[in-house]
Amino acid sequence: MAQDSSGDGEIDWNTDDDLEVDNLMLLSSSVQPRAETLVGVAVTTTSSSSPTETTPDLVQMGFSDETFAALVEMGYTMEMIARAIKENGPNVEASVIVETVMKYSSDCEAGSSKSKAIDYFLAAGFDEEKVIKAIHEHGEDNMEQIGNALLSSAEEEKLPIVKEEKLPIVKEENDIDWSESDDEMNYCDLLSSDDEMDPDSNLENGSQWRSLVKMGFSKLEASLALERCGNDVSVEELADFIWAAQLARASDEFHADPEAQKPRHAAKKRRRDSRREPTSSAVVEQVRLPNPMIGFGLPNEPGLITHRSLPAPAQRPPYFYYENVALAPKGVWETISRLLYDVAPEFVDSKYLCAAARKRGYVHNLPINNRFQIQPPPKYTICEAFPLSKRWWPTWDKRTKLNCIVTVYASAKLTNRIRVALEKHIGEPPDHVKRYVTEQCRKWNLVWVGKNKAAPLEPDEMENLLGFPKNHTRGGGISRTERLKSLGNSFQVDTVAYHLSVLKPLFPNGINVLSLFTGIGGGEVALHRLQIPMNLVVSVEISEVNRNILKDFWEQTNQRGLLIEFVDVQHLSNNKIEELMKQYGGFDLVIGGSPCNNLAGGNRCTRSGLDGEQSSLFYEYCRILEVVRETTAKMRRS
């Protein structure tokens, strides 16, 4: 919304909508523009406090242009670097310049936490494993020593500082150097590799691990992907997991919701009170992710499972349905299952039900027989979902499914770089160009919209892929950034509707729903598309933007039931739940998915599982569900 900042009616139109969302993911890039750092070329800088001045010639000063470029990309100004060169005299050691420059900025770095130190050096382009090792060796507060150690390591190994995004370097007009290593590998060969790891061997000896490292992923990323996805998945799936994790991490850094970041002291206290011993041995052993990730089966496919045995405590009303990311840290799904009455999770990747991947776990006590798909059914491939792209889709881009829909956007610079690279070649480009373009398209979910033109998904295209009505998140003062965030954190409606479809014959006269962590109303949209009347929805959602989206949907679809909205699950007291149930006759379904901030693979610094500040809200779901169950039992006895 435009703000009147002048008091005399003058409007400031510099709203969030005017910000270029294409730059969301340039978080790891330096704010300072890269300088001309060729040996023998002087660098000219201008500041507001001094006239234009020129840095000393790098050759004369005996200073490496590579080190100079690295310092610029780390965010140090050219004035600061020039000052350090002048202060230390000619032919000085590069390490002395580095130490001096770091001392200039030590005041603002002092007191930074370990996670901030990791973020700082990751943004500078250093390998994550080396950053963590250097922090352990020198201490989180010794930024200068950590920086010196990382620079020395890079110089000794004669390796360039690796940036997260492999960007081509433009030498001359229409002459692009993709900066590939001597050991260049064909990307398609990597993705089609059938080699399997020996389960008894070390991860570093596995072909999948080596392939991921050669693709440019860090050793830690490769190891984590294999740990969570298992050894029997393809390199393509492992790469997709890492890319989705990288995007999720950057999204968490950019989209900091002030309300969601408030301290959760009450949640931690209730968490301790919520732990209980398992009532059966059903989920004592480690929960393993299935491959393929199809839950109890797919609609109209053979091998459909229609019956299961639920633990006795889970057979009591109401029905409950809980969702979160499948690729969570070890032990998370065991805990979730244990606290949700020992019900084993149903793991589903939505790519088997639509055109985009979304690996999720669902713990519920719903029946599993007589499931059906909502109509019309979703589109199963990219070209079916976006038929206009088929005309421009290169034959060498073999994708039929998109990666997980997340909350971030590819930059305009990246899509232009792809266009320039492809326009150089008449006909099919060479393998190394195809490899780079395919990698970026897969990582950023780019689709082809013209000849040599790849583009990121628009919010309305995301709505389509996720099963929401057109314009579900559009308008009403909601910025493009907020739409991306809301959609990236939502349910995949077609998948959830397939699970909830069993409720239609059970509640022909309508259903009462308690919706926790509602988001943009994925559960409500699923019930509406299933034509299950919603007599009552009590929604709890902390985001005002999301609450407005659900309210608009409720009005625009002419719902006849009652929508009651609360802000925070922690403020929904036991007494209030009992009061609502007695007033409206109880709840038939408790649905929701607590925040995955501390569970998702992209959150490397605070991936602390269910003990994390946000993801510990899972215990609030457990608390509220237990109150509903107990109150339901009392109401039935009376």
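Residues numbered from 1 in each chain as written. Predicted model: local features only at pLDDT ≥ 70, side-chain atom pairs only at ≥ 80, totals over all residues. Heavy atoms only, no water.

A. Fine view of the sheet that holds strand 7 (residues 319–325). In space, the seven strands of this open sheet follow the order 8-9-7-15-12-13-14, with mixed pairing throughout. Since the sheet does not close on itself, it has two edges, and those belong to strand 8 (346–349) and strand 14 (562–566), each with one partner. For this sheet the average axis-to-axis angle between neighbouring strands, irrespective of direction, equals 20 degrees. Bridge count between strand 12 (residues 511–516) and strand 13 (residues 534–540): six bridges; the pairing is parallel. (Pairing = 2+ DSSP bridges. Helix = DSSP H or I, 4+ residues; strand = E, 2+ residues; numbered from the N terminus. Axes fitted to C-alpha atoms, helices over the stretch in contact; angles between N-to-C directions.)

B. Seen up close, the side chain of Lys434. Looking at where Lys434 falls in the secondary structure, it is placed in helix 17 (residues 431–444). Given the relative accessible area of 14%, Lys434 is considered buried. Setting aside residues up to four positions removed in sequence, Lys434 forms contacts with Trp396, Glu428 and Pro429. (Buried < 20%, exposed > 50% of the residue type's maximum accessible area, 1.4 Å probe, protein only. Contact = heavy atoms within 4.5 Å.)

C. Geometry of the UniProt feature "active site" (unreviewed entry) in the chain. Summarizing the sequence annotation, UniProt attributes the feature "active site" (unreviewed entry) to Cys596 in the numbering used throughout. Mapped onto the elements, Cys596 comes out in the loop between strand 15 (589–592) and helix 24 (618–637). Setting aside anything within four residues of it in sequence, one finds Cys596 in contact with Asn324, Val325 and Ser615. (UniProt positions renumbered as here; feature names shortened; annotations may be inferred.)

D. Representation of the pattern of salt bridges within the structure. Per the counting criterion, the structure on display carries 13 salt bridges. A salt bridge links Lys576 to Glu579; the shortest N-O distance between them is 3.3 Å. Here Glu579 and Lys576 lie together in helix 23 (residues 574–584), a separation of three residues that amounts to about one turn. A residue is classified by how much of its surface remains accessible, and Glu579, at 42% relative accessible area, is partly exposed. Here the salt bridges share partners, and the residues they tie into one network are Glu428, Asp431 and Lys434. (Salt bridge = Lys/Arg side-chain N within 4 Å of Asp/Glu carboxyl O.)

E. Representation of the pairing of strand 14. The pairing of strand 13 with strand 14 spans five bridges and is parallel. If you follow Val538 over to strand 14, its bridge partner there is Ile564. The β-α-β motif built from strand 13, the intervening helix 22 (residues 544–556) and the parallel element strand 14 has right-handed crossover chirality. (Right-handed = clockwise from strand over helix to strand, strands pointing away.)

F. Seen up close, the nonpolar core. With 67 residues, the main nonpolar core has Val437, Trp448, Leu500 and Leu503 as its most contacted residues. Two domains share this core, each providing at least three of its residues, namely domain 3 (319–377 + 469–636) and domain 4 (382–465). Once you skip the residues sitting within four places of it in the chain, Leu503 turns out to touch Tyr319, Leu366, Ile511, Ile532 and Leu589. Counting 44 residues, the second largest nonpolar core, distinct from the first, contains Ala314, Phe320, Ala326 and Ala328. (Core = buried A, V, L, I, M, F, W, Y, C linked by side-chain atoms within 4.5 Å. Domains from an automatic or database assignment.)

G. The side chain of Glu524, seen in detail. Inspection of the secondary structure puts Glu524 in helix 21 (residues 522–529). Excluding its chain neighbours within four sequence positions, the residues that come into contact with Glu524 are Ser515, Thr518, Met534, Val537, Leu550 and Phe553.

H. Fine view of the pairing of strand 15. Going residue by residue along strand 15, you find Leu589 and Ile591 tucked away on one face and Val590 and Gly592 tucked away on the opposite face as well. With four bridges joining them, strand 12 and strand 15 adopt parallel strand pairing. Directly across from Ser515, in strand 15, lies its bridge partner Ile591.

I. Main features of the packing of helix 20 (residues 493–500) against helix 21. One can describe the packing of helix 20 onto helix 21 by two numbers: an axis separation of 9 Å at closest approach and a directional angle of 60 degrees. Judged by the angle between their axes, helix 20 and helix 21 are oblique. Relative to helix 21, the crossing made by helix 20 is right-handed. For the pair helix 20 and helix 21, the contacting residues are Val493, Asp494, Val496, Ala497 and Leu500 in the first and Gly522, Gly523, Val525, Ala526, Leu527 and Arg529 in the second. Taken together, the residues of the contact of helix 20 with helix 21 break down into seven nonpolar, two polar and two charged. (Parallel < 35°, antiparallel > 145°, perpendicular 65-115°, else oblique. Left-handed = near helix turned anticlockwise from the far one by under 90°. Nonpolar A, V, L, I, M, F, W, Y, C, P; charged D, E, K, R; others polar.)

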